[in-house]
Amino acid sequence: MLTADKTSIIKATVPILETGGEALTTHFYKIMLDEYPQVRPLFNQAHQASGAQPRALANSVLLYARNIDKLQELGPLAGQIVNKHVALQVLPEHYPIVGACLLRAIREVLGPDIATDAVIDAWGAAYQQLADMLIGAEATMYDKLAAARGGWRGARSFRVARKQVESAEITSFYLEPADGQPVIDFIPGQYLGLQLVINGQEVRRNYSLSAAPNDHGYRISVKREQGGLVSNFLHDNVMEGATLGVFPPAGDFTLQESTAPLVLISGGVGITPTLAMAEAALAKGGRNVIFLHYARDGKARAFGKTLADWAARYPRFRHFTVLEHGDAGDAHAVGRPTIEHMQNWLPAGLDYDVYFLGPKPFMAAIKRFLLTLGLPDERRRYEFFGPAEALD
Ligand SMILES: Cc1cc2nc3c(=O)[nH]c(=O)nc-3n(C[C@H](O)[C@H](O)[C@H](O)COP(=O)(O)OP(=O)(O)OC[C@H]3O[C@@H](n4cnc5c(N)ncnc54)[C@H](O)[C@@H]3O)c2cc1C
Ligand code: HEM
């Protein structure tokens, strides 16, 4: 526990963090990535460049400082961080590096008048308290993943058993463990961590599991990002028969048990976790599944045949596809998402659960429509394909 003195120093620094938190975390990342090459593979440089990662860290530090005397209020944020850390294999030995860089950034950005020895001391103790909490929760999750049937710890070698082109931009990779042993179950909505070496540099990325769990392997579906390091490497250089390092599944955007109708709304490659959710819910039975998918155009549209096959096989499945541009073809509409789509295609009344994912402006629009319809907050869940951000 922090002393009362240190707690009040932390609380007193909240206004400073509110205005300068992002500058501080940006400086922190620069120090860490320049001086500690051993942690570089964990971080996605594009998330630093866009500011999304420094913003996510600044927001969490701010929330932490505000709640320093009532840590239980951190609630879902801690779970979100732990899942992200586990999927990228953040380990206890990484924490002192982050702690040292954070304290140095506080000193250098705030200057000696504000960052006095007492302030640094209080933040050092507070960081340790938070680090201990995360290290403990992460150790529990690593142990659980290693102990479960088909589970493992760290990177396990998987073979690309099959590559399947799904659209002009998306290709699926069917991954099977090189040791031929079973794989751990996951909850639909979760993702894997991939470990690759590209041009002699180790890199890691997360990819959502795009098919329901089975005993022997996983499917991920990857969009080719213009200028993207890993997605292009996977598309162009990772052929059937190649092996990849894979970290066990994690993630807190997970399909919850329910019999209420399940509404899945995706934009572009955001379709991946919703495919796993739909497939698992349909196989289990007992609930209606309504699937809305928005694609840029006919060429970018993926998994059309899968959706049509499910519609033919499962009376409880209905799907609607909207193309932003071009001919509608067999899609249901052309344009961007509208509230009329929700009014026309979602079940009447508000007794349903919604999971959605796509580009940030897309998700912001969906969230707004659901609010306008009056859907209670606890009935919607969403995920980011990157550091969590505010949607408002
Ligand atoms: C939980 C989760 C689940 C995900 N699931 C999926 C999935 O199912 N399918 C999928 O396709 N993706 C998924 N992603 C995204 C995936 O992890 C990668 O971020 C994505 O494939 C892009 O990686 P990349 O290495 O190809 O691109 P990056 O090299 O990371 O680049 C991304 C973009 O940023 C630009 N960029 C890179 N570096 C810089 C720089 N220094 N300055 C400015 N711009 C820069 C690039 O040109 C490119 O446009 C998921 C992400 C998360 C967090
Ligand atoms: C108390 C210490 C820490 C806090 C408060 C913290 C907080 C966070 C937060 C808020 C996120 C974003 C989660 C999201 O996407 O929603 C995150 C992601 C991440 N953290 Fe930490 N973290 C801490 C320690 C560490 C350490 C020690 C490492 C390893 C060096 C690390 C590596 C990462 C990585 C690699 C990501 C994902 C980055 C990305 O998507 O580009 N973190 N962390």
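See above for the structure.
Residues numbered from 1 in each chain as written. Chains lettered and ligands numbered in written order. Predicted model: local features only at pLDDT ≥ 70, side-chain atom pairs only at ≥ 80, totals over all residues. Heavy atoms only, no water.

Caption draft 1: Summary view of helix α6 (residues 95-114). The terminal C-alpha atoms of α6, which comprises 20 residues, lie only 25 Å apart, well short of the 28 Å expected from a rise of 1.5 Å per residue. Remark: the principal bend of α6, roughly 65°, maps to E108, with a proline, P112, within the next four residues. Among all positions in α6, only Y95, I97, G99, C101, L102, A105, I106, L110 and G111 are buried. (Helix = DSSP H or I, 4+ residues; strand = E, 2+ residues; numbered from the N terminus. Expected span 1.5 Å × (residues − 1). Bend = angle between axes of the 7 residues up to and from the residue. Buried < 20%, exposed > 50% of the residue type's maximum accessible area, 1.4 Å probe, protein only.)

Caption draft 2: Up close: the site of ligand 2. Residues in close proximity to ligand 2 total 24 residues, the closest being H47, Q80, K84, H85 and A388. At 2.8 Å from an oxygen atom of ligand 2 is found a side-chain nitrogen or oxygen belonging to H47. Contact between ligand 2 and H85: a nitrogen atom at 2.8 Å from a side-chain N or O atom of the residue. Only α4 (52-66), α5 (75-88), α6 and α7 (117-147) provide two or more residues apiece to the shell around ligand 2. Element by element, the count of residues in the shell around ligand 2 is highest for α5, at 5 residues. Grouping the amino acids of the shell around ligand 2 by side-chain chemistry returns 15 nonpolar, 8 polar and 1 charged. (Near = heavy atom within 4 Å. Polar contact = N/O pair within 3.5 Å; in protein donor to acceptor, adjacent residues only side chain to side chain. Nonpolar A, V, L, I, M, F, W, Y, C, P; charged D, E, K, R; others polar.)

Caption draft 3: Main features of the sheet that holds strand β6 (residues 243-250). The strand order β4-β3-β6-β1-β2-β5 describes an open sheet built from 6 strands, whose pairing is antiparallel. Looking at strand neighbours, the two that pair on one side only are β4 (201-208) and β5 (218-223), the edges of this open sheet. When strand polarity is set aside, the average angle formed by the axes of neighbouring strands in this sheet is 40°. Here 6 bridges tie strand β2 (residues 170-177) to β5, and the two strands are oriented antiparallel to one another. When the sheet's bridge partners are listed, Y174 is paired in β5 with R219. Each of β1 (156-165), β2, β3 (191-198), β4, β5 and β6 is contacted by helix α8 (residues 229-237), which is oriented at about 80° to β3, the strand it contacts most. (Pairing = 2+ DSSP bridges. Axes fitted to C-alpha atoms, helices over the stretch in contact; angles between N-to-C directions. Contact = heavy atoms within 4.5 Å.)

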